[in-house]
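One-letter residues, chain by chain:
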Amino acid sequence: MTLLDWLRSRTPAPPPALMERIVEALGRRAEDDASRAAALCLDAATGLLERLLQPDALGRDSAIDLLAADALVTYAFEAAAADIAKLDDRATAAMTRLGALAGEPTSPDA
């Protein structure tokens, strides 16, 4: 089963425009094996968030990207939950990776 097949099997299905953006964000990863869904979805979400965090990237037209990133992270955790023994490690790694997108915290005095 491909990742795309796995995504299409999820219920409830996302609205068509959101699913289209999710698939677009996944790119070629959508045809990879669904057994890698957790990593593939997290990779795609990270890519979207990296673009959204660029200066002047946020606006009304970027709302679909934010929703797609959120959905991809949700799917990543849904897939990761299938292997409960690895869930804590995967969750920690995902949170660390996503948190790193924010960059170094700045001091209020800086």
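No experiment lies behind these values; they were computed from the predicted model shown. (Residues numbered from 1 in each chain as written. Predicted model: local features only at pLDDT ≥ 70, side-chain atom pairs only at ≥ 80, totals over all residues. Heavy atoms only, no water.)

Enquirer: Sorry, what's going on with the overall build of the protein chain here?
Expert: Looking only at helices and strands, one finds 5 helices and 0 strands in the protein chain. Along the protein chain, from the amino end to the carboxyl end, the secondary structure elements read α-α-α-α-α. Taking the contacts inside the protein chain whose residues are at least 6 apart along the sequence as the reference set, 68% of them involve residues at least 24 apart. Carbon and sulfur atoms provide 56% of the accessible area of the protein chain, an area that totals close to 7200 Å². (Helix = DSSP H or I, 4+ residues; strand = E, 2+ residues; numbered from the N terminus. Contact = heavy atoms within 4.5 Å. Areas by Shrake-Rupley, 256 points an atom, 1.4 Å probe, with all protein chains shown as cover.)

Enquirer: Looking at this structure, how should I read the packing of helix H3 (residues 37-52) against helix H4 (residues 63-80)?
Expert: A pair of packed helices is characterised by two quantities: the angle between their axes and the separation of those axes. Across the interface, H3 lies against H4 with an axial gap of 8 Å and an inter-helix angle of 155°. With respect to each other, H3 and H4 are oriented roughly antiparallel. Helix-helix and strand crossings are classified by hand; for H3 and H4 the assignment is left-handed. Across from Ala-37, Ala-38, Cys-41, Leu-42, Ala-44, Ala-45, Leu-48, Leu-49 and Leu-52 in H3, the residues of H4 making contact are Asp-65, Leu-66, Ala-68, Ala-69, Leu-72, Val-73, Tyr-75, Ala-76, Ala-79 and Ala-80. Of the residues that constitute the contact of H3 with H4, the class distribution is 18 nonpolar, no polar and 1 charged. (Axes fitted to C-alpha atoms, helices over the stretch in contact; angles between N-to-C directions. Parallel < 35°, antiparallel > 145°, perpendicular 65-115°, else oblique. Left-handed = near helix turned anticlockwise from the far one by under 90°. Nonpolar A, V, L, I, M, F, W, Y, C, P; charged D, E, K, R; others polar.)

Enquirer: Even after reading the chapter, I still don't get the layout of surface pockets, so can you show me in this structure?
Expert: Rolled over the atoms, a probe as big as a water molecule pinpoints where empty space is left. One number sums up the size of the largest pocket: a volume of about 320 Å³. Together, 20 residues line the largest pocket, and Ala-38, Ala-39, Ala-76, Ala-80 and Arg-90 are the ones closest to its centre. Taken together, the elements giving at least two residues each to the lining of the largest pocket come down to H3, H4 and helix H5 (84-100). In terms of residue class, the lining of the largest pocket is built from 14 nonpolar, 1 polar and 5 charged. (1 Å grid on protein atoms, 1.4 Å probe; cavity = no way out; pocket = protein on both sides within 12 Å on 5 of 7 lines; lining within 4 Å. Points joined across faces, edges and corners; volume = space filled by probe spheres on them.)

Everything listed is a geometric property; what it means functionally is a separate question.
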